[in-house]
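So the chains spell out like this:
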Amino acid sequence: MHYREYGQTGKKVSIIGFGGMRFTEDEDEGIRAIIRASELGINYFDTAPFYCNDRSEIIFGKAFKEFKKPFFVSTKSSIGGENNASEVRKRVEKSLDRLGTEKIHFLHMWCIMNWEHFEKVIAPGGPYEGALKLKEEGLVDHIVFSAHANGDEIRKMCETKLFEGVLLGYNIFNHNNRYEGIQAARKNKMGVAIMNPLGGGMVPAAAKKLSFLVENTNETVVQAALRFVSSDPGVTVTLAGMGTVAQVEENVNIPNMLACLNRHKVGLHKEAWEFYDFFKKIAKDKFVPAGACVECGICEDRCTQKLSIIEQLKEVVTLFE
């Protein structure tokens, strides 16, 4: 697993983060998935109150008890439910109890829609003030925010220098509205977590119309869209929703192979090789080369992004193996 520094926090987080809003009814499987993710190098775990019928934080808490590696947990507080400092404290105390941790590493001021919404969050006596007090007491490490605003407004939020990171949706469809925000976060040395890199499935659905994005015959539209997001130097961690061990292993194995390939395609040849060597080293005896693919097609059937995984693994073999 490859890691990037989250802004100025000093925290090195895995480039793939575990998104905790895709658990099934099988709670034990969710716990096993989280534990497996940690074993494979993921150290950034994102959850929130009310995810998965309000079970997500509880599932994480049960899994964390079994962890053997250090990790970072991210959860959230919404002004819709906690509109003052006192309510934020209650929310965080409840999250800490569920998660079984001594602190929340990344506390998001959740789902900020626009500048007016942001002003309410940072107003005297509001949620931010409550979060700041919790940070002073050591119950929160870093105060960050989650935004659905446009890039100009996100830039203004970043320029207040009140927060250490931002979580936002970023993809080929909304880059004009969000790019300014990502650049502002990078300029202000903030971490950036990405959700929704394929526009909620719109990229594969509109593949024909987006064919102009493809740079060569070996690249699909989805690959081009992912390359667009992952090559942005302002991006720190991309969240992948996982609920089963199989999903975790797919996200940590095949995606890492494809990440090597994507880096090579955008000219980052040295970084691509370093990533491949690091991935091979960390996996040790569990490392399975791309050349072992038997083209059964199961991964492509399960892939919600409709990637041509088999063809891409062949490219990995040619370049790295």
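Check the entry above for the structure.
Computed from a predicted model, the values in this text were never measured in an experiment.

Participant: Just checking my understanding: could you explain the overall build of the protein chain for this structure?
Facilitator: Of the regular secondary structure elements, the protein chain holds 15 helices and 10 strands. The buried share of the protein chain, reckoned over its 321 residues, is 53%. Expressed as a percentage of contacts within the protein chain between residues at least 6 apart in sequence, the contacts between residues at least 24 apart total 74%. Approximately 14900 Å² of the protein chain is accessible, and the part contributed by carbon and sulfur atoms is 52%.

Participant: Explain helix α8 (residues 175–187) here, please?
Facilitator: Taking 1.5 Å of rise per residue, 13 residues should cover 18 Å, and α8 covers 17 Å from first to last C-alpha, within 8% of that figure. Turning to α8, its buried residues are R178, G181, I182, A184 and A185. End-on, the buried residues of α8 take up no more than an arc of 160°, which puts them together on one face. Residues N176 and K187 are exposed on α8 and point more than 90 degrees away from its buried face. The secondary structure elements touched by the buried residues of α8 are α7 (151–159), β8 (165–169) and β9 (191–195).

Participant: Sorry if this is basic, but what is going on with the nonpolar core here?
Facilitator: Formed by 74 residues in total, the largest nonpolar core has its most connected members in F18, I34, F45, F64, M109 and F145. With six residues, the single largest contributor to this core is helix α12 (residues 254–265). Setting aside chain neighbours within four positions, we find F64 in contact with I34, F45, F71, V73, L99 and T101. F72, F106, L167 and A193 belong to the second largest nonpolar core, which has 10 residues in total.

Participant: It is not clear to me how the sheet that holds strand β5 (residues 72–78) should be interpreted in this structure. Could you clarify?
Facilitator: Sheet strands associate in pairs through backbone hydrogen bonding, adopting either a parallel or an antiparallel arrangement. Around the barrel, eight strands lie side by side as β3-β4-β5-β6-β7-β8-β9-β10; this closed barrel has parallel pairing. The average angle at which neighbouring strand axes cross in this sheet is 30°, direction not considered. Bridging between β9 and strand β10 (residues 237–241) involves two bridges; their strand directions are parallel. The residue of β10 that forms the bridge with I194 is T238. Together, β3 (16–19), β4 (44–46) and β5 form the strand contacts of helix α3 (residues 56–64), whose direction differs from that of β4 by roughly 150°.

Participant: Mind showing me how you'd approach the pattern of salt bridges here?
Facilitator: Where charged atoms of side chains with opposite charge meet at close range, the side chains can pair. For the structure shown, the criterion picks out 20 salt bridges. Here E27 ties to K62 by a salt bridge, and the two come within 2.5 Å at their closest N and O atoms. Of this pair, E27 sits in helix α1 (residues 27–39) while K62 is found in helix α3, placing the two residues 35 residues apart along the sequence. Exposure remark for E27: the relative accessible area of 22% places this residue in the partly exposed category. When salt bridges with common partners are traced through the structure, they connect D152, R155, E159 and E180 into a single cluster.

Participant: Just checking my understanding: could you explain unusual backbone geometry for this structure?
Facilitator: Negative phi values dominate among residues other than glycine, just as trans dominates among peptide bonds. Notably, C111 is not glycine yet its phi reads approximately 60°, a positive angle. Note on placement: C111 falls in strand β6 (residues 104–112). For C111, a relative accessible area of 29% gives the class partly exposed. Of note, the phi angle at K161 is positive, near 60°, even though the residue is not glycine. Along the chain, K161 falls in the loop between α7 and β8.

The rules behind these values
Residues numbered from 1 in each chain as written. Predicted model: local features only at pLDDT ≥ 70, side-chain atom pairs only at ≥ 80, totals over all residues. Heavy atoms only, no water. Helix = DSSP H or I, 4+ residues; strand = E, 2+ residues; numbered from the N terminus. Buried < 20%, exposed > 50% of the residue type's maximum accessible area, 1.4 Å probe, protein only. Contact = heavy atoms within 4.5 Å. Areas by Shrake-Rupley, 256 points an atom, 1.4 Å probe, with all protein chains shown as cover. Expected span 1.5 Å × (residues − 1). Arc of directions from axis to C-beta. Core = buried A, V, L, I, M, F, W, Y, C linked by side-chain atoms within 4.5 Å. Pairing = 2+ DSSP bridges. Axes fitted to C-alpha atoms, helices over the stretch in contact; angles between N-to-C directions. Salt bridge = Lys/Arg side-chain N within 4 Å of Asp/Glu carboxyl O.

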